[in-house]
Amino acid sequence: TTVNQTQRMKKWLLDKFDLDMPNFQADTVQTYLGNDDLHEDAKSLLEMRANGGKSSTAKYERLLDMASVDGFIHFVFLYHGTTTGRVSGRDWQPTNLAKPSVEYESMDKLVDDLVELSNEEINDKYGSFMKAASSAMRGHIKAPKGMELFGADYAAIEARVVFWLANCFRGLKTYHDGKDNYIDIASVIYNVPYETIDDTQRWLGKQAILGCGYGIGWKGFQNACANYKVFLPDETCQLAVDTYRETYYEVPDLWNSLDNAAMMAMRTGKQTYAANGRISFKLLKMKNGQLFLFMKLPSERLICYPQASIEVVKTPWGAKKKAITFRKLINNQWRKESTYGGKLVENACQAIARDIMYAGMKNVSKAGFQTIMQVYDELISIAPEGFMDLKEYERLLCEPMPEWAKGLPLEAEGKIMNRYQKL
């Protein structure tokens, strides 16, 4: 009765076609669908599983249930829902909307087709009714009559914050000069002039800039690229990671700086400093005897690591070393986690990116916008039609910034929309 009843489907396929499915995960289903000898009935069932086993389309019913009389849905964001201070989604989960999986002319046209065309016509035009419905989910967030949606996100904000926090000369200069950092690092990786980099080479440079700032190894880099269905040889991944660390040598120094400062704070109980004084750590003992480690950000906001201690842990690459462990609430259960320099830098950079967004949000609010959503590094606001030029909205997200963010190169890119869509 539903394509989520995997045990029933497994038994039916085995009994009727002697087809023993190991599981019904997306990659497995796609692999079996590629078999030309697959019986049409079995193929039909697996196609329904591939297209219909989407939790994203279940959001439609929840969306209708939650709609208020004012045309909005409320209480779907949790302030400070993560350790770094970013909001998290609740209930309808607007921070976890599916990426579009069909090609469409415009979001307005896609939504209109879902309303006006028959299921068969939608299948013919988009290949799958369920994929079309999932792809249109964002489009049901619509500007009220006489209003427009302004959406923009911060371009490579975490990579920029990493360079800023590390005082990385080359990385910052490239951004300040208006050059493309993805092309810049690709030209070093491939040892060719900046002007000759092609799209494939730039893609690898982009993965290096966005993926190597928190200490990822070459194997992790290889797996990250594989998520995009790009399978790179070991040598290429090793070269990309090594080139990043050598070209932006201040970044590995930043990992060590935060790791050493956090360890020193744990051992001495005194306030310690890292990242040229922009980050500090302090260990506090609570009345119940538990130790809490705090990281102070440039904004003076704090990140807390509860029940902190130093223990010997096993690293992802199999070695054993001393590291800071702490308790973290995951799925309503407290679990022990360990951290290290690259992870501390990740926490700091994501938290600083959050503080930048809140500063930008204040700017657009003062200018007369009503902010309705924030999804990671993306801000969505509404305003009357013709209220402001998009470039001015993008500028307001980047300036003015607090004094502590001086020297951080920011850029926002956005759209003016009738219906929300992936930027």
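Residues numbered from 1 in each chain as written. Predicted model: local features only at pLDDT ≥ 70, side-chain atom pairs only at ≥ 80, totals over all residues. Heavy atoms only, no water.

Peer 1: Explain the overall build of the chain to me, please; I cannot follow it from the model alone.
Peer 2: A count of helices and strands for the chain gives 16 helices and 13 strands. Taking 423 residues into account, the globule formula puts the C-alpha radius of gyration at 22 Å, and the chain, at 25 Å, falls close to it. A buried classification covers 44% of the 423 residues belonging to the chain. The contacts in the chain between residues at least 6 apart in sequence include a share of 55% that link residues at least 24 apart. Here the chain contributes 53 positively and 53 negatively charged side chains, and the mean placements of these two sets differ by 11 Å. (Helix = DSSP H or I, 4+ residues; strand = E, 2+ residues; numbered from the N terminus. Rg over C-alpha atoms; globule rule 2.2 N^0.38 Å. Buried < 20%, exposed > 50% of the residue type's maximum accessible area, 1.4 Å probe, protein only. Contact = heavy atoms within 4.5 Å. Lys, Arg positive; Asp, Glu negative; His and termini not counted. Charge placed at Lys NZ, Arg CZ, Asp CG, Glu CD.)

Peer 1: In this structure, what is going on with the environment of Ser118? I would like to understand it.
Peer 2: Tracing the sequence through the fold places Ser118 in the loop between helix H5 (107–116) and helix H6 (119–126). Ser118 gets classed as partly exposed once you look at its relative accessible area, which sits at 30%. Residues Ser118 and Gln333, spaced 215 residues apart in sequence, show a C-alpha to C-alpha distance of 46 Å.

Peer 1: When you look at the state of the cysteines in this model, what are you seeing that I'm missing?
Peer 2: Covalent bonding between the sulfur atoms of two cysteines is what defines a disulfide. All told, the structure shown has 0 disulfides when counted by the stated rule. Cysteine Cys168 is unpaired, with the sulfur of Cys349 as its nearest cysteine sulfur at 12 Å. (Disulfide = S-S within 2.5 Å.)

Peer 1: It is not clear to me how the side chain of Asp113 should be interpreted in this structure. Could you clarify?
Peer 2: Here Asp113 is to be found in helix H5. Looking at Asp113, the relative accessible area reads 2%, which means it is buried. Among the polar contacts made by the side chain of Asp113, one reaches the side chain of Lys125 at a distance of 2.8 Å. (Polar contact = N/O pair within 3.5 Å; in protein donor to acceptor, adjacent residues only side chain to side chain.)

Peer 1: Even after reading the chapter, I still don't get the nonpolar core, so can you show me in this structure?
Peer 2: Within soluble globular proteins, side chains that are nonpolar tend to cluster in buried spots. One finds Phe221, Leu258, Phe281, Leu293 and Met295 to be the most contacted residues of the largest nonpolar core, which totals 79 residues. Counting residues per element, this core draws most heavily on helix H15 (residues 341–366), at 12 residues. What Phe281 contacts, discounting residues up to four positions off in sequence, is Leu258, Ala261, Ala262, Ala265, Lys270, Gln271, Thr272, Leu293, Phe294, Met295 and Leu344. (Core = buried A, V, L, I, M, F, W, Y, C linked by side-chain atoms within 4.5 Å.)

Peer 1: Just checking my understanding: could you explain the pattern of salt bridges for this structure?
Peer 2: Two side chains with opposite charge may pair up if their charged atoms get near one another. This model, assessed by the stated rule, comprises 20 salt bridges. Between Lys343 and Glu346 there is a salt bridge, with the nearest N and O atoms lying 3.2 Å from each other. Taken as a pair, Lys343 and Glu346 lie in helix H15 at a separation of 3 residues, close to a single helical turn. For Lys343, a relative accessible area of 32% puts it in the partly exposed group. Connected through shared salt-bridge partners, Arg86, Glu158 and Asp377 make up one network. (Salt bridge = Lys/Arg side-chain N within 4 Å of Asp/Glu carboxyl O.)

Peer 1: Can you walk me through the sheet that holds strand S8 (residues 309–314) in this structure?
Peer 2: Pairing between sheet strands relies on hydrogen bonds along the backbone, with the strands arranged either parallel or antiparallel. With antiparallel pairing, the 3 strands of this open sheet are ordered in space as S8-S9-S10. Of all the strands in the sheet, the pair left with one neighbour each is S8 and strand S10 (333–339). This sheet shows a mean twist of 50° between the axes of neighbouring strands, independent of strand direction. Bridge count between strand S9 (residues 320–330) and S10: 7 bridges; the pairing is antiparallel. The residue of S10 that forms the bridge with Arg327 is Lys336. Across the sheet, helix H14 (residues 250–268) is in contact with S8 and S9; its angle to S9 comes to roughly 80°. (Pairing = 2+ DSSP bridges. Axes fitted to C-alpha atoms, helices over the stretch in contact; angles between N-to-C directions.)

Peer 1: Would you take a moment to explain the confidence of the model for the chain for this structure?
Peer 2: Any region with low pLDDT has predicted coordinates that should not be read closely. Here the chain shows a mean pLDDT of 92. Residues at 70 or above account for 98%. Model confidence for the chain, summarised as mean pLDDT per element, is weakest for helix H3 (residues 40–52) at 80 and strongest for strand S4 (residues 272–274) at 98. (pLDDT = per-residue confidence, 0-100.)

Peer 1: For this particular structure, what's the right way to read the pairing of strand S7 (residues 302–305)?
Peer 2: Moving residue by residue along a regular strand, the side chains alternate between the two faces of the sheet. Only one face of S7 is covered, namely the face carrying Ile303 and Tyr305; the face carrying Leu302 and Cys304 is uncovered. Relative to S7, strand S6 (residues 291–296) runs antiparallel, the two being bridged by 4 bridges. Looking across to S7, one finds that Lys296 is bridged to Leu302. Linking S6 back to S7 in an antiparallel pair, the connection comprises 5 residues, with Glu300 at a positive phi of about 75°.

Peer 1: Even after reading the chapter, I still don't get the side chain of Asn347, so can you show me in this structure?
Peer 2: Among the structural elements, Asn347 can be located in helix H15. Exposure remark for Asn347: the relative accessible area of 11% places this residue in the buried category.

Peer 1: Even after reading the chapter, I still don't get the packing of aromatic side chains, so can you show me in this structure?
Peer 2: Each aromatic ring pair is specified by the distance between its two centres and by the angle formed by the two planes. Scanning the model with the defined rule gives 12 aromatic pairs in all. Members of the aromatic cluster, connected to one another through ring pairs, are Phe150, Phe369, Phe387 and Tyr393. Note that Arg278 overlies the ring of Trp164, its terminal NZ or CZ placed 4.0 Å from the centroid. (Phe/Tyr/Trp six-rings, centres within 6.5 Å; stacked < 30°, edge-to-face > 60°. Lys NZ or Arg CZ within 6 Å of the ring centre and 35° of its normal.)

Peer 1: Is there a simple way to explain the packing of H14 against H15 in this structure?
Peer 2: The description of two helices packed together rests on the angle between their axes and the distance between the axes. In the contact formed by H14 and H15, the axes pass within 7 Å of each other and the chain directions differ by 95°. As summarised for this structure, H14 and H15 are arranged roughly perpendicular, according to the angle between their axes. Only Gly341, Gly342, Leu344, Val345 and Ala348 of H15 make contact with H14, whose side of the interface consists of Leu254, Trp255, Leu258, Asp259 and Ala262. (Parallel < 35°, antiparallel > 145°, perpendicular 65-115°, else oblique.)

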